[in-house]
Each structure stands twice: as structure tokens, then as C-alpha cells.
Amino acid sequence: MSGSPAVVMRLLASAYSVAEKAGSIVRKVLHSGELGIVEKTGANDLQTLADRLAQQSICASLSRRFPKITIIGEEELPAEDPREDLVEYGHSEEILQKTCPAEYSGLKEEEIVVWVDPLDGTKEYTEASRCVRHPAEAQISHKGPYISHSAALWLLDNVTVLIGIACGGKAIAGVINQPFYNYQLGPGAELGRTMWGMPGLGAFGFQLQEVPGDRRIITTTRSHSNKVVTDCVDAMEPHEVLRVGGAGNKIIHLVEGRASAYVFASPGCKKWDTCAPEAILHAVGGKLTDIHGNTYRYDANVKHMNSAGVLAALRNHEYYASRVPQSVLQALKSD
Ligand code: AMP
Ligand code: MG
Ligand code: MG
């Protein structure tokens, strides 16, 4: 390889380490027991200290290195320099060693938009926190969760950090950190994993799998449902429905062969929820669109809300699109 790595590869390599740092912040806040919960538009739209600190960390770390990129984060925060200990300067050497797909090798910082969801699945994060023992009751460790046994613990895996990279309106790369991955292993276990992908290059950090046979396993929201959402899921004639939290988590279900389609016939998901997941899904041959089968754009000036819902699948996207009922299509207008 001649010369220095392409800007987008340097950005992606940094985003990998920045997502890891954000994941460690998300763990730390959970273990502190002081979540600092704020209701944004209502009880089903929450923000915690972890959302705030993780976003500050991600935005400051990326903008110091790449001052000319546009970064759009979910949380509205005062513009101030964060604590120095929140800033991450590392990068993934593995990503830097990859060859950039030719079409992106000449991209300039000014052409790049980064969509940041510092904590996807906040609702589930707050629910899971109620069954985690805190340092006052358990020995402090930077690794292990202070976990007591509870039915709500699985919600920890619904939580992800999402950093999506877009250019020309398209999601061209994405990083997903899952901070509590391996929580089942108990105290002392190394927690968290980071997945990343780029169409034209591939996806890494997980084992790609498909749902065996022709089973239609539909994953959808567990906390933002309504009649249109359930009508659309029912129309897929599912063998099984998995109601789990988080857009990132649902895409992980698709690429790891635990679900065949992500069906969400409702507004509510935003561009920061879908940019990174879409890039990773596309990198392995899947597809993410609105419920009409139209693609979303990720330019800096687009509306944040994915008003026409989400329909995503690793395989057979057309089949699921063909089953969306007329009533649902009429309820959700395309942009
Ligand atoms: P869910 O599948 O319900 O976990 O939603 C995936 C992402 O979209 C999460 O970031 C949610 O916060 C967001 N989302 C979906 N529906 C809504 C809604 N009605 N209000 C606020 N956020 C929503
Ligand atoms: Mg989200
Ligand atoms: Mg969020």
C-alpha cells in the first residue's frame, strides 16, 4: 500500500476505539448505580448520564482528530469541552491495515457525516440497572458486573453504542459496540465486543450466520409497539416473534442468525439508530429500508426521524416487503 491510509479508514479505525471507550463509560455508569435519568419526550424516551457522557466522549474524540467532518449525535447537549479522561486517542490497527474500497479512497473529511447513537436501548439499560448490585454491596472491579440473578438481565445485551459513517447520502461504514456482551459469564469476565463493517470490504467481530431452514423469525420493538406495528409483524406469518430492545441489537440478531427480519412499522427510529447497523448489514449482503422498501438517506441535512419505519433482513428482503399490508403502507407515508 502506498502513502498514508485513506481518511475514511483512519476515521473508521478511530471510531472503533472510540466506540470501545463509550462502551466502557456505559458499563461504568451502570455499576455506579447513579443513572441520572431524564425523560425527553416521555417515559419511553429516556436519557441517562451514560448517554450524555458517551456522546461527549465520541464527539470530542472524533472531532479533535477529524475537525472537518459533520457529527450528528442523538443527545442535545451544551457545547463544551468534555473532561480530558473522556477523550479517546486510540485506533484499531487491524482496520488501518485494510485496503479501502476504491470508491471511497479519495473521500475528504468535509464530505463525511457521522451519525452517533451513544447508547441505543436506553429504556432496556434503565430496566436492567434495577437488577444490578452496586459497589456499596459488591467488591469494586473494572470488569465484572455486580449482577444478581434476575429475569431482566438479558436486557443488558439490548444495549449498544452506534457510530455510523455516511457519505453522498449512503451509510458506508459502521461500528457497533455491545458493552455487556458476555455478562452471563459473571464477575471477573471481560465484557463487551465491537463489530464493524463496510460494504465492499466485509464485516468483522462476529460470526455471520443465517436462520436455519425457512423459519420466519421476526424481531421487533418491545417498548414502542402499537396496533400498526403488530399488524405488520402478524402479516409476515412468523414462526416466532422476538421482542427485543435497540436497533443495533436487532441487526446483531439478523447477522448472527437469531432472526430473519426486523420489522418496525412506526416512526420513532432515527438516522443514528440505523446508519451503523445498515452499513454492517449491507456489508454482509443484507438490506435495510423503510417499510415501503425505499432506502433512507444519511446526508447532513435530512430529517432525523425514520418516519416510514424499518424493514431489514439478511436474506429475502423482497419477500418481507411484499407482505406488508396496504393498511400499514397507508399509515406510514414515505419521506
Ligand atoms: P426499539 O426497537 O423500540 O428499541 O427502538 C429502536 C430505537 O428507536 C431506539 O433508539 C428507540 O429509542 C427508538 N425509538 C423507536 N420508537 C420510538 C418512539 N416511539 N419514541 C422514541 N424513540 C423511539
Ligand atoms: Mg437508539
Ligand atoms: Mg440512544
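Computed from a predicted model, the values in this text were never measured in an experiment.

> For this particular structure, what's the right way to read the overall build of the protein chain?
Within the protein chain, the secondary structure is distributed over 9 helices and 13 strands. Taken over C-alpha atoms, the radius of gyration comes to 19 Å for the protein chain, in line with the 20 Å a tight globule of 335 residues would show. Taken across its 335 residues, the protein chain has 57% of its residues classed as buried. Nonlocal contacts in the protein chain, meaning residues at least 24 apart in sequence, comprise 74% of its contacts between residues at least 6 apart. When the accessible surface of the protein chain is summed, it comes to about 14100 Å², and 49% of that surface belongs to carbon and sulfur atoms. Within the protein chain, the 39 negative side-chain charges are centred at a point lying 2 Å from the centre of the 33 positive side-chain charges.

> What is the right way to read the coordination of the magnesium ion (ligand 3) from this model?
Under perfect tetrahedral coordination by four donors, a metal shows angles of 109.5 degrees; under perfect octahedral coordination by six donors, it shows angles of 90 or 180 degrees. Listed as protein donors to the magnesium ion (ligand 3) are Glu74 (OE), Asp117 (OD) and Leu119 (O); their distances from the metal cover 2.2 Å. The sequence pattern formed by the donor residues of the magnesium ion (ligand 3) is E-x42-D-x1-L. The distance between the magnesium ion (ligand 3) and the magnesium ion (ligand 2) comes to 3.6 Å, with Asp117 serving as a donor to both metals. With Glu74 in the loop between β3 (70-73) and α3 (93-96) and Leu119 in strand β4 (residues 112-120), this pair connects stretches of sequence that are 45 residues apart.

> Got a minute to help me understand the coordination of the magnesium ion (ligand 2) in this structure?
Each protein donor to the magnesium ion (ligand 2) is listed here as Asp117 (OD), Asp120 (OD) and Asp273 (OD); together their distances run 2.0 to 2.2 Å. Read from N- to C-terminus, the donor residues coordinating the magnesium ion (ligand 2) fall into the pattern D-x2-D-x152-D. Take Asp117: its relative accessible area is 1%, and that puts it in the buried class.

> Looking at this structure, how should I read the environment of Gly106?
Among the structural elements, Gly106 can be located in the loop between α3 and β4. Judged by relative accessible area, which is 59%, Gly106 ranks as exposed. For the pair Gly106 and Pro199, spaced 93 residues apart in sequence, the C-alpha to C-alpha distance is 16 Å.

> Can you walk me through unusual backbone geometry in this structure?
Apart from glycine, the bulk of residues carry a negative phi angle, and the bulk of peptide bonds sit in the trans form. A positive phi angle, near 50°, is found at Glu237, a position not held by glycine. Under the relative-accessibility criterion, Glu237 is labelled partly exposed at 46%. Not every positive phi belongs to a glycine, and Asn316 is a case in point at roughly 60°.

> So what exactly am I meant to see when it comes to the sheet that holds strand β9 (residues 217-220) here?
Strand pairs in the sheet, formed through backbone hydrogen bonds, run parallel or antiparallel to each other. If you trace the 5 strands from one edge of the open sheet to the other, you get β10-β9-β11-β13-β12, paired in mixed fashion. Lying at the two open borders of the sheet, with one neighbouring strand each, are β10 (240-243) and β12 (287-289). Averaged over all adjacent pairs, the angle separating strand axes in this sheet is 20°, with direction ignored. Sheet analysis places β9 next to strand β11 (residues 261-264), joined by 2 bridges and oriented parallel. Among the inter-strand pairings, Thr219 is bridged to a residue of β11, identified as Tyr262. Running over the sheet, helix α7 (residues 271-283) touches β12 and β13 (310-313) and is turned about 145° from β12.

About the thresholds
- The residue numbering used here restarts from 1 in each chain and proceeds along that chain's sequence as written.
- Starting at A for chains and at 1 for ligands, labels are handed out in the order in which the entities are written.
- For this predicted model, a pLDDT threshold of at least 70 governs which residues receive local features, and a threshold of 80 or more governs which side-chain atom pairs are given and counted, while totals over whole chains, interfaces and linings are taken from all residues.
- Only hydrogens and water are set aside; all other atoms, that is, all heavy atoms of the structure, feed into the side-chain values.
- To qualify as a helix, a DSSP run of H or I must reach at least 4 residues; to qualify as a strand, a run of E must reach at least 2; elements of each kind are numbered from the N terminus.
- We compute the radius of gyration over the C-alpha atoms and compare it with the globule rule, which gives 2.2 Å times the number of residues raised to the power 0.38.
- Only protein chains enter the area calculation, which uses a 1.4 Å probe; residues under 20% of their type maximum are buried, those over 50% are exposed, and those in between are partly exposed.
- Working rule for contacts: check all heavy atoms of both residues, and any pair within 4.5 Å makes them a contact.
- Where accessible areas are quoted, they stem from the Shrake-Rupley method and a 1.4 Å probe; at the residue level, only the protein chains shown are allowed to cover.
- Charge counting follows a simple rule: Lys and Arg are positive, Asp and Glu are negative, and His as well as the terminal groups are ignored.
- A charge is said to be at NZ when it belongs to Lys, at CZ for Arg, at CG for Asp and at CD for Glu.
- Each metal's donors are the N, O and S atoms found within 2.8 Å of it, except that Na, K and Ca use a 3.2 Å limit; water is left out, so coordination can look incomplete.
- Paired strands, as defined in this entry, are two strands with at least two bridges between them according to DSSP.
- Lines fitted to C-alpha atoms define the axes here, with helix axes fitted over just the stretch in contact, and angles between the N-to-C directions of these axes take values from 0 to 180 degrees.

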